[in-house]
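So the chains spell out like this:
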Amino acid sequence: MEPPVRIRTYTVAAAATSALTLAAPAATAAVPQPSPSTSDFNGDGYADLAVGVPDGAVGGKARAGYVNVLWGGKKGIGAHGSIRVTQATTEVPGTPEAGDRFGAAVALEDLNGDGIAELLAGAPGEDITGRGTDAGVVVVVGGAKGGPSHGSNVTTGPAASAAYGLSVAAADLTGDGSRDIVVGGRDKVVLRTADGLAATVVGAPMGGRAPILTTGDFTGDGAADLAVGYWTNTPFTQSHVRIWAWERAGQALANVWNTDNAGVSALAAGDFDGDGHDDLALGECREIADENIDDPCGPEEYAQGGGIHIHYGAASAGSTGSAGSFGFRKQTLNQDTVGVPGRAESGDRFGAALAVADLNGDGRDDLVAGAPGEAIGTRANAGAATVLFGMKNGLVDEFGEGTAVAYNQGTPRVPGAAEAGDAFGAAVAAGDYDRDGRKDLAVGSPGENVNSGGLWAFPHASADGSYALTPARLGLPAPTSALTYGKTLSSL
């Protein structure tokens, strides 16, 4: 039997996680295959990378924000130019205003299956006439050969401080072959399907924290499902990671799996053990409150410095709670795990950013984990990024050991110097940007050069040939200002 098709997006924001079992939706007829996934925004056949710069000024408007799209090509990202997309771009609706924070969340996804990606950009500080300040908006900008095409608003916040656009993701959640869009706001997660249906997925007071979104086929039915991490603070602080799957009979997303009482900073889906079923990684997982739920992030000793907790997918055995259902098998690791470089220390924030790709070509997905709080020597918060390689048993083997390699600005052949506050690893992404059949790695360092920021590219996920891309090198305006470039990245 062919393994299920997996469709993933990765978006880091802030938030969430007892393990109930996955109740798969009732069996239905075979679903259509989703449209091909691509991040090629200019139609030249190469994957591109979008960098959100919500703290950038546009036309003198502080923190109006923009998106810098780096073109892929034979020499990789950054060597073939880039474009800056703002609300002053002709094809983009709206007007740059102070505090809009356009680019706070970004994604490059081929929404209609034509082989060219669209850009999704959140602007949670957008003021909407009749709705109020910081209602927020998510904009979709069409890709095209030679530059962007027509853009439009996907959805706008319903009221002041709704902050739509804090997070965004896209995948074929309904199984109709077109990608649907999910938008995270301050206290809400909403779905907008390709045929125009709009619905609330989560509505809860989140205390101003952005919900975390990712997608993968967790139910094993060949269609993407939605995973959301979020916090609530009423009546007391709680946190959740929950999965929703499309229910055809009700034409709505149904909550099919939960794990509660722990907080996460990132989520990512991938097949880390190569069994053909998507797994879910919870980044920087830590217990939030005592709700008599034992170790929702795995053994407590792995929470030191930031633990990564993985729920593995498997062929469903049928009944709710039976062995073989999603999440029944779990693993936890941190920087004290044998085979993982470094040492787990308070404040490392290991797993604060996650990305997934098969970086070594062995047919299993690997997990890239950013640790922006990692100290390099005496330089606090210099940051690091670690590649955790998938194996037959997952991210750790049967002896509880991992296989990994870590990079920072003090690693031989990596340009730059590790400095306090660089926050290297605050965002991570992976893609085949030079189209040579091997995935490359991109690591953001928003604290570089006194918060001007930068991006490090690792061809073939190796230090050999790695290079740095700073705002000055890319010719971006006001490169010495606090752009925090590299804080927000799109990922395949």
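In case you missed it, the structure is sitting above this.
Before going into details, it helps to say that this report is about the structure given with it. (Residues numbered from 1 in each chain as written. Predicted model: local features only at pLDDT ≥ 70, side-chain atom pairs only at ≥ 80, totals over all residues. Heavy atoms only, no water.)

**Considering the packing of aromatic side chains**
- Enumeration over the complete set of coordinates arrives at 6 aromatic pairs.
- Ring plane angle 80° and centroid distance 5.9 Å describe the contact between F424 and W456, whose orientation is recorded as edge-to-face. Of this pair, F424 sits in the loop between β25 (404–407) and β26 (427–431) while W456 sits in strand β28 (residues 455–458); the two residues are 32 residues apart in sequence, bridging distant segments of the chain.
- What makes F424 buried here is its relative accessible area of 0%.
- For W456, a relative accessible area of 1% corresponds to the buried category.
- Aromatic pair F424 and F458: ring centres 6.5 Å apart, planes at 75°, arrangement edge-to-face. (Phe/Tyr/Trp six-rings, centres within 6.5 Å; stacked < 30°, edge-to-face > 60°. Helix = DSSP H or I, 4+ residues; strand = E, 2+ residues; numbered from the N terminus. Buried < 20%, exposed > 50% of the residue type's maximum accessible area, 1.4 Å probe, protein only.)

**Considering the side chain of D434**
- Within the fold, D434 resides in the loop between β26 and β27 (440–444).
- Here D434 is buried and forms no salt bridge, its nearest opposite-charge partner R438 lying at an N-O distance of 8.3 Å. (Lys, Arg positive; Asp, Glu negative; His and termini not counted. Salt bridge = Lys/Arg side-chain N within 4 Å of Asp/Glu carboxyl O.)

**Concerning the pairing of β28**
- Burial of β28 is two-sided: the residues L455 and A457 facing one way and the residues W456 and F458 facing the other way are all buried.
- By the bridge criterion, 4 bridges tie β27 to β28 in an arrangement that is antiparallel. Paired with A442 across the two strands is A457, which belongs to β28.
- Across 3 bridges, the pairing between β28 and strand β29 (residues 467–469) is antiparallel. Note on β29: the bridge partner recorded for L455 is L469. (Pairing = 2+ DSSP bridges.)

**What about the sheet that holds strand β24 (residues 384–388)?**
- Read across the sheet, 4 strands follow the order β22-β23-β24-β25 without closing on themselves; strand pairing throughout is antiparallel. Because the sheet does not close on itself, it has two edges, and the strands there are β22 (353–357) and β25. Strand-to-strand twist across the sheet, computed as the mean angle between neighbouring axes with direction ignored, equals 20°.
- Two strands pair when backbone bridges link them, and strand β23 (residues 366–371) and β24 are joined in this way by 5 bridges, in the antiparallel orientation. The residue bridging G370 from the neighbouring strand is A385, located in β24. (Axes fitted to C-alpha atoms, helices over the stretch in contact; angles between N-to-C directions.)

**Some points on unusual backbone geometry**
- Phi angles above zero are rare outside glycine, and A461 is one such case at about 55°.
- Its place among the elements puts A461 in the loop between β28 and β29.
- Note on A461: relative accessible area 10%, which makes it buried.

**Here's the deal with the sheet that holds strand β9 (residues 167–171)**
- Sheet architecture is open: 4 strands sit in the order β9-β10-β11-β12, paired in antiparallel fashion. Two strands lie at the open edges of the sheet, namely β9 and β12 (198–203), each paired on one side alone. Taken pair by pair, the neighbouring strands of this sheet meet at an average axis angle of 20°, ignoring direction.
- In terms of strand pairing, strand β10 (residues 180–184) meets strand β11 (residues 188–192) through 4 bridges, oriented antiparallel. Looking at β11, one finds that G184 is bridged to V189.

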